[in-house]
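Observations on chain architecture
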Amino acid sequence: MAKKILVIHGPNLDLLGQREPNIYGRVTLSQINDSLKSLARKKKVTLTIKQSNHEGQIVDLIGKAKSKYDGILINPAAYTHTSVAIRDAIAASGILTIEVHLSNIYSREEFRQKSLISPVAKGTILGFGAKSYTLGLEALIDLI
Ligand code: DQA
């Protein structure tokens, strides 16, 4: 059976394209999702894609993912730096998770230079703009 992957976009990523384009580029979330879908088709995996601006909703999504998904690709956005709850949900799920970021968080403001998610992710891909997502999905598919 085809492997199943849950893609989660965190807060404000629905604004990509218009949001601080000097940092995040001009690519929209739907363009990112289209390239993920086309890679998924090529690799014969099934994707479910969600975006949420709400921490608890993201925790619920991860909590319900257990035994339904083989992997999670997540850009936790601002929650990367604050959310013990999302980190704990990933750890509790036991699902292989890859963290991605468009920007290089380590070259930005000090408050972004810590990820609470990285220690529970299998790996993190960052700094390649929209390409971070396709690189992350490829890595995840290879691992599951
Ligand atoms: C981000 C980096 C975060 O610091 C920021 O809050 C985001 C996007 C990125 O993809 O570069 O919203 O996760």
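Details of the structure are given in the entry above.
Residues numbered from 1 in each chain as written. Predicted model: local features only at pLDDT ≥ 70, side-chain atom pairs only at ≥ 80, totals over all residues. Heavy atoms only, no water.

In this section: the overall build of the chain. Per the secondary structure count, the chain includes five helices and five strands. Secondary structure of the chain in N-to-C order comes out as β-α-α-β-α-β-α-β-β-α. Computed over C-alpha atoms, the radius of gyration of the chain comes to 14 Å, within 12% of the 15 Å expected from 2.2 N^0.38 for 144 residues, which places it in the range of a compact globule. Summarising its shape, the C-alpha atoms of the chain cover approximately 40 × 30 × 25 Å along the three principal directions. By the burial criterion, 44% of the 144 residues in the chain qualify as buried. Long-range contacts, defined here as pairs at least 24 residues apart, represent 76% of the contacts in the chain between residues at least 6 apart. Approximately 7300 Å² of the chain is accessible, and the part contributed by carbon and sulfur atoms is 51%. (Helix = DSSP H or I, 4+ residues; strand = E, 2+ residues; numbered from the N terminus. Rg over C-alpha atoms; globule rule 2.2 N^0.38 Å. Buried < 20%, exposed > 50% of the residue type's maximum accessible area, 1.4 Å probe, protein only. Contact = heavy atoms within 4.5 Å. Areas by Shrake-Rupley, 256 points an atom, 1.4 Å probe, with all protein chains shown as cover.)

On to the pattern of salt bridges, then. Overall, the coordinates contain two salt bridges when judged by the stated rule. In this structure, the salt-bridge partner of R108 is E109, at a minimum N-O distance of 3.8 Å. Classification of E109 by relative accessible area gives partly exposed; the value is 35%. Residue R112 is joined to E109 by a salt bridge in which the shortest nitrogen-to-oxygen separation is 2.7 Å. (Salt bridge = Lys/Arg side-chain N within 4 Å of Asp/Glu carboxyl O.)

Next up on the list: unusual backbone geometry. Backbone geometry places N12, a non-glycine residue, at a positive phi of 70 degrees. Positive phi, normally seen in glycine, also occurs at K44, with a value near 60 degrees. Considering the arrangement of structural elements, one finds K44 in the loop between α2 (29-43) and β2 (46-51).

Another point: the sheet that holds strand β4 (residues 96-101). Taken together, the five strands give an open sheet; going across it, the order is β2-β1-β3-β4-β5, and neighbouring strands pair in parallel fashion. Edge positions in the sheet fall to β2 and β5 (123-126), since each has one partner strand and no second. Pairwise comparison of adjacent strand axes, ignoring direction, gives a mean angle of 20 degrees for this sheet. As defined by bridge partners, strand β3 (residues 71-75) adjoins β4 across four bridges and the pair is classed as parallel. By the bridge assignment, I74 is partnered in β4 with E99. Running over the sheet, helix α5 (residues 131-143) touches β1 (4-9), β2, β3, β4 and β5 and is turned about 165 degrees from β4. (Pairing = 2+ DSSP bridges. Axes fitted to C-alpha atoms, helices over the stretch in contact; angles between N-to-C directions.)

By secondary structure assignment, the location of L73 is in strand β3. In this structure the C-alpha to C-alpha distance between L73 and I8, which are 65 residues apart in sequence, comes to 6.3 Å. Apart from the residues lying within four places of it in its own chain, the contact partners of L73 are I5, L6, V7, I8, L36, I98, V100, Y133, G136, L137 and L140.

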